[in-house]
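Per-entry structural report
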Amino acid sequence: MTTEREEEGLKSLGSNTRYRMDYDPEVLETFVNKHPDNDYWVRFNCPEFTSLCPITGQPDFAEIRIAYVPNVTMVESKSLKLYLFSFRNHGDFHEDCINIIMKDLVRLMDPKYIEVVGLFTPRGGISIYPYANYGKPGTRYEKMAEQRFEAYDING
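The name given to the protein chain in an unreviewed UniProt entry is NADPH-dependent 7-cyano-7-deazaguanine reductase, and the organism recorded there is Hoylesella saccharolytica F0055. The Function (unreviewed entry) comment attached to the protein chain in UniProt states, word for word, "Catalyzes the NADPH-dependent reduction of 7-cyano-7-deazaguanine (preQ0) to 7-aminomethyl-7-deazaguanine (preQ1)." The Pathway (unreviewed entry) field of the UniProt record for the protein chain holds the comment "tRNA modification; tRNA-queuosine biosynthesis."

Here you go:
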């Protein structure tokens, strides 16, 4: 007898958690959006994101905020948690991490629209808050991405 989780092709949800120690986009999983005809927001907040400075190897801490308008598939939240955890020993600059996360999720889901922001804690007296967004080309979401980017509030 197969479960709904197995029918969806989900491996992480309901299974013992296996944490990756290196960046691994392969842990990301999707499930079918049951409401692709509706526009709605899905938001994730990860207040305990960590990565490593590629120069010093010291840890960087951030709150990662992801918001998207789903298309046909959606990211499964436990797999997203494991994916974000896989950055723990990954050395990259803050801006790179945010763009990598956004691009991996675009490749995974092909969303109508997505935005990712990182609220990194200060190091050396400076906070860095990189923001990246994407709107599906040739759709109204492409224009939405342009408008939201132009109106982005750098004061957070």
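1. Some points on the UniProt feature "binding site: substrate" (unreviewed entry) in the protein chain
When the UniProt feature table is mapped onto this chain numbering, "binding site: substrate" (unreviewed entry) sits at Val75, Glu76, Ser77, His94 and Glu95. Structurally, His94 is set in helix α3 (residues 94-109). Residue contacts for His94: discarding those within four places in its chain leaves Asp60, Phe120, Ile128 and Pro130. When near neighbours in sequence (up to four residues on either side) are disregarded, Glu95 contacts Ile128 and Pro130.

2. Some thoughts on the UniProt feature "active site" (unreviewed entry) in the protein chain
Listed under "active site" (unreviewed entry) in the UniProt record, and renumbered for this structure, are Cys53 and Asp60. Of note, Cys53 is situated in the loop between β2 (42-52) and β3 (59-69). Excluding residues within four positions of it along the chain, Cys53 makes contact with Gln58, Asp60 and Arg123. With respect to the helices and strands, the residue Asp60 is situated in strand β3. Among the residues examined, Asp60 registers a relative accessible area of 6% and is labelled buried. Filtering out sequence-adjacent residues up to four positions away, Asp60 remains in contact with Phe49, Thr50, Ser51, Leu52, Cys53, His94, Phe120 and Arg123.

What counts, and where the lines are drawn
- Residues numbered from 1 in each chain as written.
- Predicted model: local features only at pLDDT ≥ 70, side-chain atom pairs only at ≥ 80, totals over all residues.
- Heavy atoms only, no water.
- UniProt positions renumbered as here; feature names shortened; annotations may be inferred.
- Helix = DSSP H or I, 4+ residues; strand = E, 2+ residues; numbered from the N terminus.
- Contact = heavy atoms within 4.5 Å.
- Buried < 20%, exposed > 50% of the residue type's maximum accessible area, 1.4 Å probe, protein only.

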